[in-house]
Amino acid sequence: LFYKRNSDHFFKDRHWLTREFEAIRALQETRRGTVFEVGCGVGNTIFPLREECPDLFFYGCDLSPRAVEMVKSHPDYTPDKITCFQSDITCPDPPLTDHISPGSVDLITLIYCLSAISPEKMSTAVKNIKQVLKPGGNVILRDYGLYDHAMLRFKSGHKIQDQFYKRQDGTRAYYFTTEEMAALFEDEGFEVVFNYYVQKETSNKKAGISVPRIFVQSQFRLPSDSSLS
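Residues numbered from 1 in each chain as written. Predicted model: local features only at pLDDT ≥ 70, side-chain atom pairs only at ≥ 80, totals over all residues. Heavy atoms only, no water.

A separate point is the overall build of the chain. Secondary structure assignment for the chain yields eight helices and ten strands. At 17 Å, the chain has a C-alpha radius of gyration in line with the 17 Å of a compact globule built from 229 residues. Within the chain, contacts between residues at least 6 apart in sequence are counted, and of these 71% link residues at least 24 apart. When the accessible area of the chain is evaluated, it comes to approximately 11800 Å², of which 48% is carbon and sulfur surface. One way to put it: in the chain the 28 positive side-chain charges average out to a point 7 Å from where the 30 negative ones average out. (Helix = DSSP H or I, 4+ residues; strand = E, 2+ residues; numbered from the N terminus. Rg over C-alpha atoms; globule rule 2.2 N^0.38 Å. Contact = heavy atoms within 4.5 Å. Areas by Shrake-Rupley, 256 points an atom, 1.4 Å probe, with all protein chains shown as cover. Lys, Arg positive; Asp, Glu negative; His and termini not counted. Charge placed at Lys NZ, Arg CZ, Asp CG, Glu CD.)

Next up, the structure:
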């Protein structure tokens with residue numbers, strides 16, 4: 001329903017990813033590798049990365065079949081470089097390994113993805129994506145941080161539980177602490193590379209306002225001696 005209402009115009013293309021995450025640049029420098037974008041939406045991460053990292057192969061998945069079809073209909077979608085499929089990463093069945101070989105992905109991106117998942121299902125999501133990540137591979141993410149302006153402006157009736165809210169369009173958002181984010185991945189055997197808050201001012205020149213935003217930005221590595229179990 002969200003993508004039916006908003007088409008591909010809601011989110012901006014994320015051209016900042018290679019600037020913020022050295023792991024992407026390092027992978028491109030090898031001129032080989034596989035990236036898996038979880039919660040790919042309509043391709044706002046995949047297509048900018050495809051442009052900047054032409055030697056990499058990309059997988060993408062999203063809960064929304066409509067979003068997946070919009071990715072596949074994009075003029076830059078080429079099956080020899082991008083494979084996109086529908087999947088619910090909070091469910092172990094059908095497994096991601098129906099689409100991606102176990103332990104074959106070098107880098108997983110989670111950009112504003114985990115926050116849309118019910119807190120009690122987040123650990124299952126991390127466990128599921130771990131199945132396709134290579135030992136020594138990395139997960140990079142940015143998501144909403146506790147006390148972000150968007151969280152503070154929710155009106156009564158939108159709170160589902162502590163730190164978890166429902167927007168007017170029906171989508172949901174959880175607001176993380178860095179401690180929660182680290183625990184989520186450490187409990188599944190990941191190592192913390194970095195995990196910190198990003199504070200930014202977002203300006204709306206037309207409305208003449210500037211608001212403070214808080215995000216959590218992290219990189220987690222699966223140890224080289226990890227098994228897929």
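With that settled, the discussion passes to the pattern of salt bridges. The full count for this structure, using the stated rule, is six salt bridges. Across the pair Asp55 and Arg31 runs a salt bridge whose closest N-O atoms are separated by 3.6 Å. Placement of Asp55 in the loop between α4 (46-52) and β2 (57-62) and of Arg31 in the loop between α3 (22-29) and β1 (34-38) is noted, with a sequence separation of 24 residues between them. Using a relative accessible area of 22% as the deciding quantity, one classes Asp55 as partly exposed. When the shortest N-O distance is used, the salt bridge between Lys134 and Asp106 registers 3.1 Å. Of this pair, Lys134 sits in strand β5 (residues 133-144) while Asp106 sits in strand β4 (residues 105-111); the two residues are 28 residues apart in sequence, bridging distant segments of the chain. Judged by relative accessible area, which is 33%, Lys134 ranks as partly exposed. (Salt bridge = Lys/Arg side-chain N within 4 Å of Asp/Glu carboxyl O. Buried < 20%, exposed > 50% of the residue type's maximum accessible area, 1.4 Å probe, protein only.)

Mapping Tyr59 onto the fold places it in strand β2. It is 5.7 Å that separates the C-alpha atoms of Tyr59 and Ile82, two residues lying 23 residues apart in sequence. Excluding anything up to four places from it in sequence, Tyr59 contacts Thr34, Val35, Phe36, Glu37, Ile46, Thr83, Phe85, His99 and Ile100.

Time to look at unusual backbone geometry. Residue Pro94 is reached from Asp93 by a cis peptide bond, and omega for that bond is 0°. Along the chain, Pro94 turns up in the loop between β3 (82-86) and β4. At Tyr112, a residue that is not glycine, the phi angle is positive and equals roughly 50°. With respect to the helices and strands, Tyr112 occurs in the loop between β4 and α6 (122-130). Phi is positive for Gln163, close to 70°, though the residue is something other than glycine.

With that out of the way, let us pick up α6. Those residues of α6 that fall on the buried side of the exposure criterion are Met122, Ala125, Val126, Asn128, Ile129 and Lys130. Turning to α6, the residues buried within the fold contact β1, β4, β5, β8 (172-174) and α8 (178-186).

What follows deals with the pairing of strand β10 (residues 209-221). As paired elements, β5 and β10 share seven bridges and run antiparallel to each other. Within β10, the position partnered with Leu141 by the bridge is Ser218. Summarising the sheet, strand β9 (residues 191-204) and β10 pair through 13 bridges and their orientation is antiparallel. Paired with Glu191 across the two strands is Arg221, which belongs to β10. Where β9 hands over to β10, the hairpin turn is made up of four residues, of which Gly208 adopts a positive phi near 70°. (Pairing = 2+ DSSP bridges.)

Per the counting criterion, the structure on display carries 15 aromatic pairs. Between Tyr144 and Tyr175, the aromatic rings sit 5.7 Å apart at their centres with planes inclined by 45°, giving tilted as the arrangement. A residue pair is termed long-range when its members are at least 10 positions apart, and Tyr144 in strand β5 and Tyr175 in the loop between β8 and α8 qualify at 31 residues. Both residues of the pair, Tyr144 and Tyr175, belong to the buried class. Between Phe185 and Phe220, the aromatic rings sit 4.3 Å apart at their centres with planes inclined by 5°, giving stacked as the arrangement. Of this pair, Phe185 sits in helix α8 while Phe220 sits in strand β10, placing them 35 residues apart in sequence. Residue classification places Phe185 among the buried positions, given a relative accessible area of 0%. For Phe220, a relative accessible area of 0% translates into the label buried. (Phe/Tyr/Trp six-rings, centres within 6.5 Å; stacked < 30°, edge-to-face > 60°.)

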